[in-house]
Amino acid sequence: GSHSKRLFTATELTGTKEHRVSPLQRRMLEDMQLRNLSAGTQRSYIHYVTGYATYYNLSPARLGLDDIRNYQLHLIEQRQLSPNSINCFLSAVQFLYTVTLDMPWSKERFGRMKVPEKLAFFRYVGILKHRNRGLKRAPLTHKGGRILAP
């Protein structure tokens, strides 16, 4: 179907015909295809890995863990990317290094950012709206200064 997973061409990935896919990018694309990663994930990973390589003007094969850490700080401090975006970058380079480049690095070497929890607040607001409609609901409890939903 139209949503089948496949290898992208350089034009589809970058939007330009001038850009040529490097052997490393091609290998990473093949590895993603072999693992049946979605089209969106493939695009995203290539986007983040290309940005990382461009920042240093070097092939990622010549970069290491300290470079990843420094680029992550750049993304946080200068680019001010969200924790979710930083974590997507980390997933992309983790895939590149541990799968495509076969580096023996554990997942722990790619420390994820904590993503602020929003669901609890929205669940609480939903309960209030539910109560205001006059529907019965188990009462909220208060424990240690925190409001807990049943």
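Residues numbered from 1 in each chain as written. Predicted model: local features only at pLDDT ≥ 70, side-chain atom pairs only at ≥ 80, totals over all residues. Heavy atoms only, no water.

## Concerning the overall build of the protein
Part 1 of the argument: For the protein, the helix and strand inventory stands at six helices and two strands.
Part 2 of the argument: The N-to-C order of helical and strand elements in the protein reads α-α-α-α-α-α-β-β.
Part 3 of the argument: Counting every position in the protein, which comprises 150 residues, the buried fraction comes to 27%.
Part 4 of the argument: Just so you have it, the protein exposes about 10500 Å², and 52% of that area is on carbon and sulfur atoms. (Helix = DSSP H or I, 4+ residues; strand = E, 2+ residues; numbered from the N terminus. Buried < 20%, exposed > 50% of the residue type's maximum accessible area, 1.4 Å probe, protein only. Areas by Shrake-Rupley, 256 points an atom, 1.4 Å probe, with all protein chains shown as cover.)

## Here we look at the nonpolar core
Part 1 of the argument: Counting 24 residues, the largest nonpolar core has M28, M32, Y52, I68, F89, V93 and Y97 as its most contacted members.
Part 2 of the argument: Every element with two or more residues in this core is listed here: α2 (23-34), α3 (39-56), α4 (65-77) and α5 (83-100).
Part 3 of the argument: Among the elements that line this core, the one with the most residues is α5, at eight residues.
Part 4 of the argument: In this structure Y97 touches Y52, P60, L63, G64, I68, D102, M103, W105 and F110, once residues within four positions along its chain are discounted. (Core = buried A, V, L, I, M, F, W, Y, C linked by side-chain atoms within 4.5 Å. Contact = heavy atoms within 4.5 Å.)

## Examining the packing of aromatic side chains
Part 1 of the argument: Applying the stated criterion to the full structure yields ten aromatic pairs.
Part 2 of the argument: Between Y97 and W105, the ring centres sit 5.0 Å apart and the planes meet at 35 degrees, which makes this aromatic pair tilted. An identical accessibility class is assigned to Y97 and W105; each is buried.
Part 3 of the argument: When the ring of W105 is compared with that of F110, the centres are 6.2 Å apart and the planes differ by 45 degrees; the resulting orientation is tilted. (Phe/Tyr/Trp six-rings, centres within 6.5 Å; stacked < 30°, edge-to-face > 60°.)

Keep in mind these numbers describe shape, not what the thing actually does.
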